[in-house]
Amino acid sequence: MDDRTIMDNILSATKGACDLMMHGAIESSTPEVHGKFKQAFDETLCMQNEIYSVMAQKGWYPAQQAEQQKIDAAKRKFSAQ
């Protein structure tokens, strides 16, 4: 398995962990449990961002710039509702 595939798998697993932590915080029954899930969610989000940053630096996760015309069209569409 190459480095890109390994990093992609790690990123996917981290995104899944973020989802679990977020839902754990939402569904928590006490403030203490909510706080622990929130803390874990924040830490997992930081890990996810670090993994994404490394992948982006290597060109494995390229971000595309949105065209200003498309951004303006989306703003008009949703502000009219």
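Residues numbered from 1 in each chain as written. Predicted model: local features only at pLDDT ≥ 70, side-chain atom pairs only at ≥ 80, totals over all residues. Heavy atoms only, no water.

Asker: If you had to explain the overall build of the protein to someone new, which residues and values would you point to?
Answerer: Looking only at helices and strands, the protein has 3 helices and 0 strands in total. Tracing the protein from N to C terminus, the helices and strands come up as α-α-α. Burial analysis of the protein (81 residues in total) assigns 14% to the buried set. Partitioning the intrachain contacts of the protein with sequence separation of at least 6 by distance along the chain shows that 62% fall at a separation of at least 24. For the protein, the accessible surface area stands at approximately 6500 Å², while carbon and sulfur atoms represent 56% of it. (Helix = DSSP H or I, 4+ residues; strand = E, 2+ residues; numbered from the N terminus. Buried < 20%, exposed > 50% of the residue type's maximum accessible area, 1.4 Å probe, protein only. Contact = heavy atoms within 4.5 Å. Areas by Shrake-Rupley, 256 points an atom, 1.4 Å probe, with all protein chains shown as cover.)

Asker: I'd like a description of a nonpolar patch on the surface, backed by residues and values.
Answerer: Taken together, the side chains of M1, I6 and I10 present a nonpolar region at the surface, about 310 Å² in accessible area. In this structure, I6 sits in helix α1 (residues 3-27). With a relative accessible area of 35%, I6 lands in the partly exposed category. (Patch = residues over 30% accessible without salt bridge, like charges linked within 9 Å, V, L, I, M, F, W, Y side chains within 5 Å. Salt bridge = Lys/Arg side-chain N within 4 Å of Asp/Glu carboxyl O.)

Asker: Explain helix α3 (residues 68-79) to me, using residue names and the numbers behind them.
Answerer: One turn of an α-helix holds 3.6 residues; hence residues three or four places apart share an orientation. Taking 1.5 Å of rise per residue, 12 residues should cover 16 Å, and α3 covers 16 Å from first to last C-alpha, within 8% of that figure. Of all 12 residues making up α3, only 0 are buried, and the element is barely covered by its neighbours. (Expected span 1.5 Å × (residues − 1).)

Any functional reading would require information that these geometric values do not contain.
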